[in-house]
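Working through the structure, step by step
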Amino acid sequence: QVQLVESGGGLVQAGGSLRLSCAASGRTFSSLAMGWFRQAPGKEREFLAAIIRGGGSTRYADSVQGRLTISRDNTRNIGYLQMNSLKPEDTAVYYCAADQSLHNLVVIATGSWGQGTQVTVSS
């Protein structure tokens, strides 16, 4: 089992940027695919981005393509989500997750999850 802790959320003005971090401990992080999701109040959880265990391939939701960049540093057991050109509709709790299967992580949201970090974008 891997434990995940997100950080880096906060309040930012529209058009600004944030970089979220996902620190992993326990099971070897480098053996797992990693993803980012978000959930806004009253809405369903939404997939944002995922990256394979080695970091060589990524996948993004169409709604955030071009504004978000997922990356990872397996030497430090940390994953990142760089968010640019933020909009008020990006306000949500952001979660990272990790699983052996990238497909399962993205499609059915399996694996280990962090507790989330709040991102609030003001207009």
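This section reports on the structure supplied with the text. (Residues numbered from 1 in each chain as written. Predicted model: local features only at pLDDT ≥ 70, side-chain atom pairs only at ≥ 80, totals over all residues. Heavy atoms only, no water.)

Next up on the list: the state of the cysteines. By definition, a disulfide links the sulfur atoms of two cysteines through a covalent bond. A complete count under the given rule lists one disulfide for this structure. In this model, C22 is linked to C96 through a disulfide, with the two sulfur atoms separated by 2.1 Å. Taking the sign of the S-S torsion, 65° for the link of C22 and C96, the bridge is right-handed. With C22 in strand β3 (residues 18-26) and C96 in strand β9 (residues 92-99), this pair connects stretches of sequence that are 74 residues apart. Here C96 falls in the buried class, since its relative accessible area comes to 0%. (Disulfide = S-S within 2.5 Å. Helix = DSSP H or I, 4+ residues; strand = E, 2+ residues; numbered from the N terminus. Buried < 20%, exposed > 50% of the residue type's maximum accessible area, 1.4 Å probe, protein only.)

So, about the sheet that holds strand β7 (residues 68-73). Pairing within the open sheet is antiparallel, and its four strands lie in the order β1-β3-β8-β7. For this open sheet the edge positions go to β1 (2-7) and β7, each flanked by a neighbour on one side alone. Taken pair by pair, the neighbouring strands of this sheet meet at an average axis angle of 20°, ignoring direction. Bridging between β1 and β3 involves six bridges; their strand directions are antiparallel. Within β3, the position partnered with S7 by the bridge is S21. (Pairing = 2+ DSSP bridges. Axes fitted to C-alpha atoms, helices over the stretch in contact; angles between N-to-C directions.)

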